[in-house]
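# Architecture at a glance
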Amino acid sequence: MKYSEGLGWYTVNSAYGDTIVMPCRLSVPQNLMFGKWKYEKPDGSPVFIAFRSSTKKSVQYDDVPEYKGRLNLSENYTLSISNAKISDEKRFVCMLVTEDNVFEAPTVVKVFKQPSKPEIVSKAPFLETEQLKKLGECISKDSYPDGNITWYRNGKVLQPLEGAVVIIFKKQMDPVTQLYIMTSSLEYKTTKADIQMPFTCSVTYYGPSGQKTVYSEQAVFDIYYPTEQVTIQVLPSKNAIKEGDNITLKCLGNGNPPPEEFLFYLPGQPEGIRSSNTYTLADVRRNATGDYKCSLIDKKSMIASTAITIHYLDLSLNPSGEVTKQIGDALPVSCTISASRNATVVWMKDNIRLRSSPSFSSLHYQDAGNYVCETALQEVEGLKKRESLTLIVEGKPQIKMTKKTDPSGLSKTIICHVEGFPKPAIQWTITGSGSVINQASICLLTEESPYINGRYYSKIIISPEENVTLTCTAENQLERTVNSLNVSAISIPEHDEADEISDENKEKVNDQAKLIVGIVVGLLLAALVAGVVYWLYMKKSK
C-alpha cells in the first residue's frame, strides 16, 4: 500500500488482492452527526457504500453487491476494502456531516497487478540461415496495468529491422478479471553467428512502488545452415592398412543438419556410389591403392579426396621346406622380399639370430638345422611373413683309428673316430692268431663320446697278451665302412698312432706352423744379408 498526493488528489496505491486502506483525512468536528463513504460513477453520480453514526457508534453498509463482505469502517472513519480488484479503481469520498455543514475528502484508488514471469512459447524447432522465420512468442499474463515486452539476443535489446527483425506486440484484457495478457511475436533472420546464442524476453510493468522488469528463461535454437565443406576420413588409420583388412570411408559435411547421403568415388571408377555417410570395403588388396573421393549428391563440385596405400608384404624362400644334401655340396639360399615399403629381414637358425643370411659353398655337418627367414613392416601392425628351411646334411661313414700305450705299459687305448650322418653305429671286433677273441677277456673299458656336428668316437682300452687286430665297423643308411688296426702284445713296445686333432686344434697348429716358418725365413734372410755385406767388405779390403 502506498499513498501519494499531488495536484489536489490523494491517491492510494494497492496491489491486486491486498486490502485497500483509505484514511478519511478530515478532522472530526465536535458536533458530528455521522460519517459516510461513497464512490463516484464515471458519470459523476454517487454510490453510498458505508455509514457510521457518531452517537450510536453503529456501522451500516449499503447493499452494493461488488462490496458485499469486503468493507470495514473504523471509528476514525478509515475505510478498508479487502481483496483489492481492478474494479476498485475509483474516486472514493469521505463525508462528515454536522447539523449545519457537510465536509468531504476525496481519495483516488489505484490497483496494480504484477504480471506472470514472461515465457517464450511456440518456439521454432529450428532456424535457417538467411531466412526470416518466426522464432517464437513471448507471453506474460495477468498484468494491470498492461506492460511492455522487449526481446534480447545474448543480453542485447533487439530492435525492429526491415527484413531481419520483425516484432509484433499484442495485448488482450480479460473481461472478467480486467487483467491483461501481453504477447510479442518475433520473426528473425538468423546467421551462423547465432549458433548457441541465447534469446530472452522481458516484461516491464508499473507496480505500487514504480516500474519493474521481469525476465524470461533463456532459449537457444538449433540453427540450420548448408554444408560449405566436405571432408573424408578413413578407418582404421590410413597409415596402417594392409591386405586383407576391411576399411571404412566416412564422409562428413559441416552443415547442420549434416548430409545423410554422399557419393563415393573409388580409384578408376568415374561413377560415384550412392551411400550413407560411410562406405566399407572388405578384404582389400594391393590393387585398391589410390585416391578415394566423396561429394554431396546434389552438389558434386563440393568434393573431398584422400590417398590410401594398401600395404603388402611378400616373402619367397628358395629352397624351403625340408632339404637333404650331401656333405661338401654347394647350396645357394635366397630370401626374396617384395613390399609396399622398406621391410626388415631377420635370419634365425635353431631360434638363434644370425648376423647375415646363410650361404653354403661346401656344406658341413654343423650347417644342418632349421633356418627361418622373417620379414616385417614396422609401421604396419601385424604385417609379418616367415618361411623356413630344414637343412639335413648327409654323409657316408668315415673312419680314422688311433692307438696309444698307457705310460704304465699295462694297457693300450684304441680310438675309432667316426664321421657321418645319419649317426653311424660303431661295432668292434678283436681277432688274434686267426680267430676272434672274446672282447670281455682283454677289454678293460669301452666308452663313446657325444655325437656333435656329425662326429663322435668310440674308445676301447685293452691289455692283449698276444698281437691282435682291432676292426672298427661304422654303418648308417648310406654305407657300411670298415677299418682295422694291428696292436702288439702288451709286452712288445710299438709306435703310437697320433690322436685326431680337432678342427680348433688344427687351426692352432696351423698358426704355430706359420709362425715357425716365418721365423726360419726371417733368419735365412738375415744370414743372406750378413753374407752379402761380408763379401762386399772382403772385396773392398782386397
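Conventions and cut-offs
- Residues numbered from 1 in each chain as written.
- Predicted model: local features only at pLDDT ≥ 70, side-chain atom pairs only at ≥ 80, totals over all residues.
- Heavy atoms only, no water.
- Helix = DSSP H or I, 4+ residues; strand = E, 2+ residues; numbered from the N terminus.
- Buried < 20%, exposed > 50% of the residue type's maximum accessible area, 1.4 Å probe, protein only.
- Contact = heavy atoms within 4.5 Å.
- Salt bridge = Lys/Arg side-chain N within 4 Å of Asp/Glu carboxyl O.
- 1 Å grid on protein atoms, 1.4 Å probe; cavity = no way out; pocket = protein on both sides within 12 Å on 5 of 7 lines; lining within 4 Å.
- Points joined across faces, edges and corners; volume = space filled by probe spheres on them.
- Nonpolar A, V, L, I, M, F, W, Y, C, P; charged D, E, K, R; others polar.
- Pairing = 2+ DSSP bridges.
- Axes fitted to C-alpha atoms, helices over the stretch in contact; angles between N-to-C directions.
- Disulfide = S-S within 2.5 Å.

The name given to the chain in an unreviewed UniProt entry is CD166 antigen, and the organism recorded there is Eschrichtius robustus.

Secondary structure summary: the chain contains two helices and 42 strands in total. Residues counted as buried form 37% of the 542 residues belonging to the chain. Looking at the chain alone, contacts between residues at least 24 apart form 59% of all its contacts between residues at least 6 apart.

Take the pattern of salt bridges next. The tally for this structure, following the rule as stated, stands at 22 salt bridges. Close ionic contact of Glu-217 with Lys-117 constitutes a salt bridge, the shortest N to O distance being 2.6 Å. Pair noted here: Glu-217 is in the loop between β19 (210–215) and β20 (219–220) and Lys-117 is in the loop between β10 (102–112) and β11 (119–121), with a separation of 100 residues, a long-range link. For Glu-217, a relative accessible area of 56% puts it in the exposed group. Lys-117 sits in the partly exposed class, given a relative accessible area of 46%. Residue Glu-479 is joined to Lys-396 by a salt bridge in which the shortest nitrogen-to-oxygen separation is 3.6 Å.

There is about 150 Å³ of room inside the second largest pocket. Forming the boundary of the second largest pocket are Thr-227, Pro-259, Glu-260, Glu-261, Leu-296, Ile-297, Asp-298 and Lys-299. For the lining of the second largest pocket, a count of residues per class yields three nonpolar, one polar and four charged.

Before going further, it helps to examine unusual backbone geometry. With omega at -10°, the peptide bond leading from Tyr-144 into Pro-145 counts as cis. Considering the arrangement of structural elements, one finds Pro-145 in the loop between β13 (132–143) and β14 (148–153). Although it is not a glycine, Ser-122 adopts a positive phi angle of roughly 50°. Within the secondary structure, Ser-122 sits in the loop between β11 and β12 (127–128). Its identity as a non-glycine residue notwithstanding, Gln-196 has a phi of 65°, on the positive side. For Gln-196, a relative accessible area of 60% translates into the label exposed.

Looking now at the sheet that holds strand β25 (residues 273–275). The strands making up a sheet are joined through hydrogen bonds of the backbone, oriented either antiparallel or parallel. Across the sheet, which stays open at both edges, the four strands sit in the order β25-β24-β27-β28 with antiparallel pairing between neighbours. Only two strands of the sheet have a single partner each, and these edge strands are β25 and β28 (303–308). Averaged over all pairs of adjacent strands, the angle between strand axes in this sheet comes to 25°, irrespective of strand direction. In this sheet, strand β27 (residues 290–296) lies alongside strand β24 (residues 262–265) in antiparallel orientation, the contact comprising four bridges. Residue pairing in the sheet places Phe-264 in a bridge with Cys-294 of β27.

What follows is about the sheet that holds strand β17 (residues 180–189). Ordered by their spatial adjacency, four strands build an open sheet running β11-β13-β17-β16, and the pairing between neighbours is antiparallel. In this open sheet, the two edge strands, each paired with only one partner strand, are β11 and β16 (165–173). Going from strand to strand, the sheet's axes swing by 25° on average, the running direction of each strand aside. Two strands pair when backbone bridges link them, and β13 and β17 are joined in this way by nine bridges, in the antiparallel orientation. Opposite Ser-143, over in β17, you have Tyr-180 as the bridge partner.

For the rest of this paragraph, the subject is the state of the cysteines. With the rule as written, the count across this model stands at five disulfides. With a sulfur-sulfur separation of 2.0 Å, Cys-138 is cross-linked through a disulfide to Cys-201. Judged by the sign of its S-S torsion, about 75°, the cystine formed by Cys-138 and Cys-201 is right-handed. On the criterion of sequence distance, the pair formed by Cys-138 in strand β13 and Cys-201 in strand β18 (residues 198–207) is long-range, its members being 63 residues apart. Here Cys-138 and Cys-201 have matching classes, each one buried. With a sulfur-sulfur separation of 1.9 Å, Cys-335 is cross-linked through a disulfide to Cys-373. Taking the sign of the S-S torsion, about -85° here, the bridge from Cys-335 to Cys-373 comes out left-handed. In this pair, Cys-335 is assigned in strand β31 (residues 334–339) and Cys-373 in strand β34 (residues 369–376), connecting sequence segments 38 residues apart. For Cys-335, a relative accessible area of 21% gives the class partly exposed. In the chain, the bonded cysteines, numbered by position in the sequence, are linked as 1-2, 3-4, 5-6, 7-8, 9-10.

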